[in-house]
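Structure assessment
If you want the building blocks of each chain, they are given just below.
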Amino acid sequence: MSTATQTDLQTFVIDGSHSRFGFSVRHLGFSKVRGSFESFEGTIRMEGDDLSTLQASAKVQTASVDTHEEKRDGHLRSEDFFHVEEHPVMTFESTDVRDVKGNQFTLVGDLTIRGVTKQVEFDAEFLGSGKDPWGNLKLAFEAATKINRKDFGLNWNAVLETGGFLVSEDVEITLEIQAAPAQDAA
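What counts and how
- Residues numbered from 1 in each chain as written.
- Predicted model: local features only at pLDDT ≥ 70, side-chain atom pairs only at ≥ 80, totals over all residues.
- Heavy atoms only, no water.
- Helix = DSSP H or I, 4+ residues; strand = E, 2+ residues; numbered from the N terminus.
- Buried < 20%, exposed > 50% of the residue type's maximum accessible area, 1.4 Å probe, protein only.
- Contact = heavy atoms within 4.5 Å.
- Areas by Shrake-Rupley, 256 points an atom, 1.4 Å probe, with all protein chains shown as cover.
- Pairing = 2+ DSSP bridges.
- Core = buried A, V, L, I, M, F, W, Y, C linked by side-chain atoms within 4.5 Å.
- 1 Å grid on protein atoms, 1.4 Å probe; cavity = no way out; pocket = protein on both sides within 12 Å on 5 of 7 lines; lining within 4 Å.
- Points joined across faces, edges and corners; volume = space filled by probe spheres on them.
- Nonpolar A, V, L, I, M, F, W, Y, C, P; charged D, E, K, R; others polar.
- Phe/Tyr/Trp six-rings, centres within 6.5 Å; stacked < 30°, edge-to-face > 60°.

1. Here we look at the overall build of the chain
If you tally the helices and strands in the chain, you get 2 helices and 11 strands. Relative to its 186 residues, the chain shows a buried fraction of 38%. Look at the contacts in the chain between residues 6 or more apart in sequence, and 56% of them connect residues 24 or more apart. Total accessible area on the chain is roughly 10300 Å²; 48% of this is exposed by carbon and sulfur atoms.

Below, the structure written as structure tokens:
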């Protein structure tokens, strides 16, 4: 862990219009279904470009799930999956940064879905920082992890006539994040 104090850390706000929270699952055992969450917010705090000081948090509106198929999205919002009426938000709160090698690092944190919290590790990369054409500082990151959806109470499935299951237990999560200093994002 870093020795940076809370006052040394600069706060950045995730820009939802230039960021993506995506996921994919195996469907029918051989193809993939991809989707995303369209409504999320979060912050990144760090001292300069020192990735070892990075802290991240995010809130995702589960009702914003989008797989480009309304019937499937409705099922994902139901009690079988996200149960958005009881669990409208899933959250992530980082707890550690490990294995910083150049711009690559592991971001460790607590992911909460359906009221269940589990530690996850994202393979992450700091893509850099720079100013946009209007002089506003931006940071960019990419991160990916794989979770077992059953660990979070997302248990629904259907047995296929040929054997196996309709939806895989493993879910790949991919993040593409752009953020701006908190004072610029307001």
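Resuming the write-up.
2. So, the pairing of strand 10 (residues 137–148)
Note: strand 9 (residues 116–131) against strand 10, 8 bridges, orientation antiparallel. Its bridge partner being in strand 10, phenylalanine 126 is matched across the sheet by phenylalanine 141. Between strand 9 and strand 10, which pair antiparallel one after the other, the connecting turn spans 5 residues, and glycine 135 there sits at a positive phi close to 85°.

3. Brief notes about the nonpolar core
Formed by 42 residues in total, the largest nonpolar core has its most connected members in Leu54, Phe82, Phe105 and Phe141. Looking at this core, the element that brings in the most residues is strand 11 (residues 167–181), giving 6 residues. The residues touching phenylalanine 105, leaving out its near neighbours within four places in the chain, are Leu51, Leu54, Val97, Arg98, Asp99, Val100, Phe122, Asp123, Ala124, Glu125, Phe126 and Phe141.

4. Describing empty space enclosed by the protein
Enumeration according to the criterion identifies 1 cavity of 30 Å³ or more in this entry. Of the pockets and cavities examined, the largest cavity occupies roughly 320 Å³. When residues of the lining of the largest cavity are traced back to their parent elements, those giving at least two are strand 4 (40–47), strand 5 (50–61), strand 7 (89–101), strand 8 (104–113), strand 9, strand 10 and strand 11. Among the elements that line the lining of the largest cavity, the one with the most residues is strand 5, at 5 residues.

5. Description of unusual backbone geometry
For aspartate 99, which is not a glycine, the phi torsion comes out positive at approximately 55°. The phi torsion at arginine 114 lies on the positive side, around 55°, for a residue other than glycine. Following the sequence through the fold, arginine 114 ends up in the loop between strand 8 and strand 9.

6. Overview of the layout of surface pockets
The computed volume of the largest pocket comes to approximately 420 Å³. What lines the largest pocket is a set of 22 residues, and nearest its centre among them are Phe23, Val25, Leu76, Phe81 and Val167. Of all the secondary structure elements, the ones that give two or more residues to the lining of the largest pocket are strand 2 (20–27), strand 3 (31–37), helix 1 (70–77) and strand 11. Examining the composition of the lining of the largest pocket, we find that 4 residues originate from one element, strand 2, more than from any other. Here the residues of the lining of the largest pocket are counted per class, giving 17 nonpolar, 3 polar and 2 charged.

7. Some thoughts on the packing of aromatic side chains
By the definition in use, this model includes 6 aromatic pairs. Between phenylalanine 37 and phenylalanine 82, the aromatic rings sit 5.4 Å apart at their centres with planes inclined by 80°, giving edge-to-face as the arrangement. Taken together, the positions of phenylalanine 37 in strand 3 and phenylalanine 82 in the loop between helix 1 and strand 7 put the pair 45 residues apart, joining distant regions of the chain. As far as burial versus exposure is concerned, phenylalanine 37 and phenylalanine 82 are alike and both buried. The interplanar angle of 85° and the centroid separation of 6.3 Å between the aromatic rings of phenylalanine 105 and phenylalanine 141 together place this pair among those described as edge-to-face. Of this pair, phenylalanine 105 sits in strand 8 while phenylalanine 141 is found in strand 10, placing the two residues 36 residues apart along the sequence. Under the relative-accessibility criterion, phenylalanine 141 is labelled buried at 7%. Clustering of aromatic rings is evident, with ring pairs tying together Phe21, Phe23, Phe37 and Phe82.

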